[in-house]
Amino acid sequence: MLVVGGGIVGLCNALALQRAGYRVSLIDRGTPGRETSYGNAGVLSESSVAVLNSPGLLKALPKLLLGRSNGLRYSPLFVVKRLGWMLRFLSHCTPRHWRAAARALRELQVLSLAQHKDWIAEAGVQDLLRHGGWMKVFRSEASFAAYAAELALYDEVGVRYTVFDREQLRQIEPGLKPIYEKAVLFDDTCGVSNPAALTDAYLALFTAAGGIVVEGSVTSLRQHGNGWEVRFAGADDSVLNGDGVVLAAGAWTAEIARWLGYDLPLGWERGYHLHLAPADGPQLNRAVNDMDGGFVIAPMQQGVRITSGVELTDRDAPPDYKQIRTSVAMAREAHDMKAELETEPWMGRRPTMVDSLPVIGPAPRHRGLWFNFGHQHVGLSMAPGSALAITAMVDGTSPPLDTTPFRAERFSV
Ligand SMILES: Cc1cc2nc3c(=O)[nH]c(=O)nc-3n(C[C@H](O)[C@H](O)[C@H](O)COP(=O)(O)OP(=O)(O)OC[C@H]3O[C@@H](n4cnc5c(N)ncnc54)[C@H](O)[C@@H]3O)c2cc1C
């Protein structure tokens, strides 16, 4: 089997296929795990089930469009260029879709977290794994009150959480300054202190068991006989053959699928991070999401990582550091940190479908071609379960979860 794309999604897929007895080659145009999967906040979530296409988004839209939220920045020109995609995204802001998506994502995330824990143990990198949940914090009672619909959604799908007031928060996260009125702790969520080290550890598991990693940029896919031929430009050989191909190239997957005639409504939500040196006071025990500021503070091995919210612009437009600079300034209001550790922030692209659900399953018109992409804000969390699902389908066995919500056929492809 050939897997195209060595981010966390492709890598987990390669690992799961290998565990099921397949000979697997993983093709990436660079070092695996060094695109979007490199720079995230490290949250391994079983609770991130509330998709952005929420009924509440429609209400918040005027404020967002006026640029009054640090959590969302956008290029008006890009929005106009991609208006069709934007409108389709907004058309999913219904209570029905929100609840159905939450049920589907919950199942995928619970399955994934269990598999992450097993692979982390097997790879011997338990030191990377952090228990103790992840936390959303609110600067005012009003912003917490606006979160009530999400809490009801969590209740509905069985996500465990605890609400803390200002004084309780001071006790459990003494590293946070007293600017927050309320906090929601997702009790069972985990995290890693270095996402790149996690992908390196999974890659080591894969190669130690005979998995092949090929560096090359895929330029064509061709079905021949019962198998597939993949051409790529790069340092290694330029052609590989396999029984099947999994497309798991994150924000670049739709481009590749288009070569075979598939029009998949994939977008990208860009995001940034920057590390700061920890100060001498108490450090955070978990990743913390400032809901009013639209950023995350995540303690990492590299330093305190500040990650930004969403930037909507051309996938390959030059980076614009305004949003992450504002996020860092706001994060300093919440947590003491010393100097910035990099001169240039990192930037990545969250791959997002118009309905915020990943595509996991067979390509409708090509035998032996599989899609595994579009994991939006939670790809690190959902990669193992997606991998187990594809592997079962390749194997012809019954997947460990209901994959209907993730089928490519939900779009007219
Ligand atoms: C700021 C930020 C914070 C985040 N925080 C979290 C978090 O805390 N928890 C969480 O679960 N998720 C988080 N995410 C989301 C998560 O990082 C992504 O969903 C995930 O990394 C997507 O993984 P991927 O493998 O699909 O894509 P990528 O990691 O982008 O991998 C795609 C791979 O495909 C390769 N590729 C592309 N085109 C070709 C080609 N033609 N030929 C060969 N190879 C190709 C690329 O080189 C790349 O390695 C965050 C994202 C951002 C930006």
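Going by the structure above, here's the rest.
A quick note: this is a predicted structure, and the numbers were derived from the prediction, not measured. In this numbering scheme, every chain counts its residues from 1 along its sequence in written order. Local features in this predicted model are restricted to residues whose pLDDT is 70 or higher, and side-chain atom pairs enter the listing and the counts only when it is 80 or higher, whereas totals over whole chains, interfaces and linings include all residues. The basis for the side-chain values is all heavy atoms of the structure; hydrogens and waters are excluded.

**Some details on the overall build of the protein chain**
Inference 1: The helix and strand labels rest on DSSP assignments: H or I over at least four residues marks a helix, E over at least two residues marks a strand, and numbering proceeds from the N terminus. Of the regular secondary structure elements, the protein chain holds 12 helices and 23 strands.
Inference 2: Against the compact-globule benchmark of 22 Å for 413 residues, the protein chain has a radius of gyration of 21 Å, which places it among compact chains.
Inference 3: In terms of overall dimensions, the protein chain has a C-alpha envelope of 65 × 45 × 40 Å along the principal axes.
Inference 4: By the burial criterion, 58% of the 413 residues in the protein chain qualify as buried.
Inference 5: Between two residues, a contact is recorded if the distance between any of their heavy atoms is within 4.5 Å. Long-range contacts, defined here as pairs at least 24 residues apart, represent 76% of the contacts in the protein chain between residues at least 6 apart.
Inference 6: Only the protein chains shown count as cover for residues, and the accessible areas themselves come from Shrake-Rupley with a 1.4 Å probe. Accessible surface for the protein chain amounts to roughly 16500 Å². Of this, 54% is attributable to carbon and sulfur atoms.
Inference 7: Within the protein chain, one finds 41 positive and 42 negative side-chain charges whose respective centroids are separated by 4 Å. All radius of gyration figures rest on C-alpha atoms, and the globule criterion is 2.2 Å times the number of residues raised to 0.38. Buried, partly exposed and exposed residues are distinguished by accessible area as a fraction of the type maximum, computed with a 1.4 Å probe on protein chains only: under 20%, between the cut-offs, and over 50%, respectively. Charge counting treats Lys and Arg as positive and Asp and Glu as negative, with His and both chain ends excluded. To locate a charge, the coordinates of NZ of Lys, CZ of Arg, CG of Asp or CD of Glu are taken.

**Here we look at the packing of helix H5 (residues 95–123) against helix H9 (residues 195–208)**
Inference 1: To get an axis, fit a line to the C-alpha atoms, keeping to the stretch in contact for a helix; angles then go from 0 to 180 degrees between the N-to-C directions. Viewed as axis vectors pointing N to C, H5 and H9 meet at an angle of 70 degrees, and their least axial separation amounts to 10 Å. The pairing of H5 with H9 is recorded here as roughly perpendicular in orientation. Contact residues: His-116, Trp-119, Ile-120, Glu-122 and Ala-123 in H5; Leu-198, Ala-201, Tyr-202 and Leu-205 in H9. An angle counts as roughly parallel when it lies under 35 degrees, as roughly antiparallel when it exceeds 145, as roughly perpendicular when it falls between 65 and 115, and as oblique in every other case.

**Quick notes on the site of the ligand**
Inference 1: Nearness is defined per residue: one heavy atom within 4 Å of the molecule or strand is enough. Close contacts around the ligand come from 31 residues, with Asp-28, Ser-37, Val-218, Gln-376 and Ser-381 the closest.
Inference 2: What qualifies as a polar contact is a pair of N or O atoms within 3.5 Å, subject to a donor-acceptor requirement within protein and to the restriction that residues adjacent in sequence count only when both atoms come from side chains. In the model, an oxygen atom of the ligand is placed 2.5 Å from a nitrogen or oxygen of the Asp-28 side chain.
Inference 3: When residues of the shell around the ligand are traced back to their parent elements, those giving at least two are helix H1 (8–19), strand S11 (217–224) and helix H12 (379–395).
Inference 4: Throughout, the ten residues Ala, Val, Leu, Ile, Met, Phe, Trp, Tyr, Cys and Pro are labelled nonpolar, Asp, Glu, Lys and Arg are labelled charged, and all others, Gly among them, are labelled polar. Residue composition of the shell around the ligand, by class: 11 nonpolar, 16 polar and four charged.

**Here we look at the packing of aromatic side chains**
Inference 1: Centres within 6.5 Å are what make two rings of Phe, Tyr or Trp a pair, Trp counting through its six-membered ring; a difference in plane orientation under 30 degrees is then read as stacked, over 60 as edge-to-face, and the rest as tilted. Taken as a whole and assessed by the stated rule, the structure comprises 12 aromatic pairs.
Inference 2: Ring geometry for Trp-119 versus Tyr-202: centroids 5.6 Å apart, planes at 75 degrees, classification edge-to-face. On the criterion of sequence distance, the pair formed by Trp-119 in helix H5 and Tyr-202 in helix H9 is long-range, its members being 83 residues apart.
Inference 3: Judged by its relative accessible area of 0%, Tyr-202 is buried.
Inference 4: Residues Phe-371 and Phe-373 carry aromatic rings whose centres are separated by 5.8 Å and whose planes lie at 90 degrees to one another, so their mutual orientation is edge-to-face.

**Some words on the sheet that holds strand S5 (residues 129–130)**
Inference 1: Overall, antiparallel pairing links the three strands, which are arranged S3-S9-S5 in an open sheet. Looking along the sheet, the strands with just one partner apiece sit at the ends: strand S3 (43–44) and S5. Strand pairing is assigned whenever DSSP identifies at least 2 bridges connecting the two strands.

**Some thoughts on the environment of Gly-225**
Inference 1: For Gly-225, the position within the fold is in the loop between S11 and strand S12 (227–233).
Inference 2: Separated by 221 residues in sequence, Gly-225 and Val-4 have C-alpha atoms that sit 20 Å apart.

**Examining the environment of Gly-67**
Inference 1: Inspection of the secondary structure assignment puts Gly-67 in the loop between helix H2 (55–65) and strand S4 (72–74).
Inference 2: Its relative accessible area of 39% is what places Gly-67 among the partly exposed residues.
Inference 3: Sequence-wise, Gly-67 and Met-86 are 19 residues apart; in three dimensions their C-alpha atoms are separated by 16 Å.

**Observations concerning the nonpolar core**
Inference 1: What is meant by a nonpolar core is a set of buried Ala, Val, Leu, Ile, Met, Phe, Trp, Tyr and Cys residues, joined one to another through side-chain atoms within 4.5 Å. Of all hydrophobic cores here, the largest spans 69 residues; its most connected members are Leu-44, Ile-120, Tyr-202, Val-246 and Phe-406.
Inference 2: With 10 residues, H5 is the largest single contributor of residues to this core.
Inference 3: Once residues within four sequence positions are removed from consideration, Leu-44 is found in contact with Leu-113, His-116, Ile-120, Leu-129, Thr-189, Cys-190, Gly-191, Val-192, Leu-380 and Ser-381.
Inference 4: Counting residues in hydrophobic clusters, the runner-up holds 45 residues, among them Val-230, Met-353, Phe-411 and Val-413.

**Considering the packing of H5 against helix H7 (residues 148–157)**
Inference 1: For the pair H5 and H7, interaxial distance at closest approach is 10 Å and the crossing angle is 50 degrees. When the axis of H5 is compared with that of H7, the two are oblique. Here the hand of the crossing between H5 and H7 comes out right-handed. Here Trp-98, Arg-99, Ala-102, Arg-103 and Arg-106 of H5 come into contact with H7, specifically with Ala-149, Glu-150, Leu-153, Glu-156 and Val-157.
Inference 2: Partitioned by chemical class, the residues of the contact of H5 with H7 number five nonpolar, no polar and five charged. Each crossing gets its hand from how the near helix is turned against the far one by less than a right angle, where anticlockwise is left-handed and clockwise is right-handed.

**Some words on the side chain of Arg-350**
Inference 1: With respect to the secondary-structure elements, Arg-350 resides in strand S21 (residues 346–353).
Inference 2: Buried within the structure, Arg-350 lacks any salt-bridge partner; Glu-269 is the closest side chain of opposite charge, at an N-O distance of 5.3 Å.
Inference 3: For Arg-350, the side chain forms a polar contact with the main-chain oxygen of Arg-270, separated by 3.1 Å.
Inference 4: The residues touching Arg-350, leaving out its near neighbours within four places in the chain, are Thr-36, Gly-267, Trp-268, Glu-269, Arg-270, Gly-271, Ser-308, Gly-309, Val-310, Gln-376 and His-377. Within this document, salt bridges are pairs made up of a side-chain nitrogen of Lys or Arg and a carboxyl oxygen of Asp or Glu, the two lying within 4 Å of each other.

**Section: unusual backbone geometry**
Inference 1: Of note, Ser-356 is a non-glycine position whose phi angle comes to about 65 degrees, a positive value.
Inference 2: With respect to the secondary-structure elements, Ser-356 resides in the loop between S21 and strand S22 (359–362).
Inference 3: Positive phi, close to 40 degrees, is recorded for Gln-376, a residue that is not glycine.
Inference 4: Within the secondary structure layout, Gln-376 lies in the loop between strand S23 (369–373) and H12.

**Regarding the pattern of salt bridges**
Inference 1: For the structure on display, the rule yields 27 salt bridges.
Inference 2: One salt bridge connects Lys-81 with Asp-314, and the closest N-O pair in it is separated by 2.9 Å. Remark: Asp-314 occurs in the loop between strand S19 (310–312) and helix H11 (322–334) and Lys-81 occurs in helix H3 (residues 76–81); sequence separation between them is 233 residues.
Inference 3: Overall, Lys-81 belongs to the exposed group, its relative accessible area being 56%.

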